[in-house]
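Inside the fold
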Amino acid sequence: MTSRIMTITAALTAAVASTALLVPAAGAATDTDRHGPGHGPGHGPGHGQRAEPEVFAHRGASGYRPEHTLEAYRLAIAQGADSIEPDLVPTSDGVLVARHENEISGTTDVADHPEFADRRTTKTIDGVAYTGWFTEDFTLTELKTLRAKERLPQVRPGNTAYDGLYEIPTLDEVLTLVRDESRRLGRTIGVAPETKHPTYFDSIGLSLEEPLVRTLHRRGLDHPRDRVVIQSFETGNLRDLDRMTRVPLAQLVDAAGAPYDLVEAGDGRTYADLVTRQGLREISRYADYLAPAKNLVLPRDPVTGATGEPSAVVEDAHRAGLPVVIWTLRAENQFMATNFRVGTDPNAPGDLYAESLAFLDAGVDVLFADHPDVAVAARDAWVRENRPGRGPGRGHGGR
């Protein structure tokens, strides 16, 4: 199976009891709960837009703590994120762990461990050569001797104060944290895992789909209404997952290039082809969400670098029955269009609040953010001003 999954929570449940967390929906599933034409939430023309936008914590509160650590996830939950995102890669003994990439020299202290010096190697992944240390060359026990560190120390020097404090968490540990925090807070927190490089991991016998689906099933997270959505940059693994699980699926779309499974198969389609009306209709046959890079929704002027009018992507996706998840909102100027920057320092904070409002006004349904507290504040204000009966809202670009 292929699967560069990244789950994005499809949250259609109301408030849950304080004893629940990631609680499976009650009752037996009907045939319409299963994937296929019309499967899952949001399918069918005109049913793509969500009633109220959500905020997903991108790798946890990664603007404030080293990414993909239990502390980053815990802080994101405290800041009000609706869901947290663990990127998933396997160990040599088949355990799924949370890392942005399987090459871990930039996110762990592995280079400081002389006992692992001989594990440093070069591998070609999705057609690109990388040199470093790779999770698939370590057992879980060995990985647990490493500690996480900040991936962007020049951009987020404050996060380096936490270097060396936190382990690499497993998917099971992330799900346990989400369960415990949901019970403690009395609200259901979603989980949005992305499996990385599914074609590559298939090629070395460490398929990602099966252990992910098994783990979710073991925890009772296999219903379309559970707050789990599996997302992927590839297409073939989502089609596989469509037959393996009933939880919602999301197709990630980059601003350039093509899904690697299509490249590997000699299929000439690109990400640009996926967001045409025909491409979106095809996505709606196997997935429940569209997750485009944010510049596909608010394109930047090639001269000024500022955002203009929204593209047709959100409207077309909603017409195809696909709610829209955009990624990634980050507070630092260098990650923003020029009209949201404050000053000239690329590492200084820009106006993330205004950027969040602009994407909500463009009609998106979910914001992925490194700084979930800011995105949550903007979302809450936006919802207050756009409830039915309050008129056309603030006019930050229209919906």
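Just so we're clear, the structure is a prediction, and the values are computed from it rather than from any experiment. (Residues numbered from 1 in each chain as written. Predicted model: local features only at pLDDT ≥ 70, side-chain atom pairs only at ≥ 80, totals over all residues. Heavy atoms only, no water.)

**As for the overall build of the protein chain**
For the protein chain, the helix and strand inventory stands at 12 helices and 13 strands. Considering the protein chain as a whole, with its 399 residues, one finds that 56% of them fall into the buried category. The long-range fraction of contacts in the protein chain, counting pairs at least 24 apart against all pairs at least 6 apart in sequence, stands at 72%. Counting every atom, the protein chain has about 15,700 Å² of accessible surface; 51% of that belongs to carbon and sulfur. (Helix = DSSP H or I, 4+ residues; strand = E, 2+ residues; numbered from the N terminus. Buried < 20%, exposed > 50% of the residue type's maximum accessible area, 1.4 Å probe, protein only. Contact = heavy atoms within 4.5 Å. Areas by Shrake-Rupley, 256 points an atom, 1.4 Å probe, with all protein chains shown as cover.)

**Regarding the sheet that holds strand 7 (residues 190–191)**
Across the sheet, which stays open at both edges, the five strands sit in the order 7-2-1-13-12 with parallel pairing between neighbours. Looking at strand neighbours, the two that pair on one side only are strand 7 and strand 12 (325–329), the edges of this open sheet. Two elements, strand 1 (residues 54–57) and strand 13 (residues 366–369), share four bridges in a ladder whose sense is parallel. Bridging from a neighbouring strand, Glu-54 pairs with Val-366 of strand 13. Sheet contacts for helix 12 (residues 372–385): strand 1 and strand 13; angle to strand 1, the most-contacted strand, approximately 180°. (Pairing = 2+ DSSP bridges. Axes fitted to C-alpha atoms, helices over the stretch in contact; angles between N-to-C directions.)

**Some details on the nonpolar core**
Of all hydrophobic cores here, the largest spans 84 residues; its most connected members are Ile-283, Leu-290, Val-297, Ile-326, Phe-359, Val-364 and Leu-367. Within the second largest apolar cluster, 12 residues are counted, among which are Ala-61, Ile-84, Ala-98 and Val-178. (Core = buried A, V, L, I, M, F, W, Y, C linked by side-chain atoms within 4.5 Å.)

**Re the pairing of strand 1**
Neither face of strand 1 is open: one carries Glu-54 and Phe-56, the other Val-55 and Ala-57, and all of them are buried. A crossover connection joins strand 1 to the parallel strand 2 (residues 83–84) through helix 1 (residues 70–78); in handedness this β-α-β unit is right-handed. (Right-handed = clockwise from strand over helix to strand, strands pointing away.)

**A closer look at the pairing of strand 3 (residues 87–90)**
What you see with strand 3 is no split at all: Asp-87 and Val-89 on one side and Leu-88 and Pro-90 on the other are buried throughout. Sheet topology note: the strand 3/strand 4 (residues 96–98) ladder contains three bridges and is antiparallel. Looking at the pairing, Pro-90 lines up with Leu-96 of strand 4.

**What to know about the environment of Gly-132**
Its location among the elements puts Gly-132 in strand 6 (residues 128–132). Take Gly-132: its relative accessible area is 1%, and that puts it in the buried class. Residues Gly-132 and Asn-102 lie 30 residues apart in sequence; the distance between their C-alpha atoms is 9.6 Å. Excluding its chain neighbours within four sequence positions, the residues that come into contact with Gly-132 are Glu-103, Arg-119, Arg-120 and Thr-121.

**A few points about the pattern of salt bridges**
All told, the structure shown has 30 salt bridges when counted by the stated rule. Residue Arg-243 pairs with Asp-240 through a salt bridge whose shortest N-O separation is 2.8 Å. Highlighted residues: Arg-243 and Asp-240, both in helix 6 (residues 236–244), separated by three residues, approximately one helical turn. Within the structure, one salt-bridge network assembled from shared partners comprises Arg-59, Glu-67, Asp-87 and Arg-151. (Salt bridge = Lys/Arg side-chain N within 4 Å of Asp/Glu carboxyl O.)

**Considerations on unusual backbone geometry**
Here the amide bond leading from Trp-327 into Thr-328 is cis, since omega sits at -15°, within 30 degrees of zero. The topology assignment puts Thr-328 in strand 12. One non-glycine residue with positive phi stands out, namely Arg-59, at about 60°. For Arg-59, the location among the structural elements is in the loop between strand 1 and helix 1. Judged by relative accessible area, which is 7%, Arg-59 ranks as buried.

**Observations concerning the confidence of the model for the protein chain**
Considering every residue of the protein chain, the mean pLDDT works out to 88; 85% of them sit at 70 or more. For residues 390–399, every residue scores under 50 in pLDDT, and the model assigns this stretch 26 contacts once sequence neighbours within four places are set aside. (pLDDT = per-residue confidence, 0-100.)

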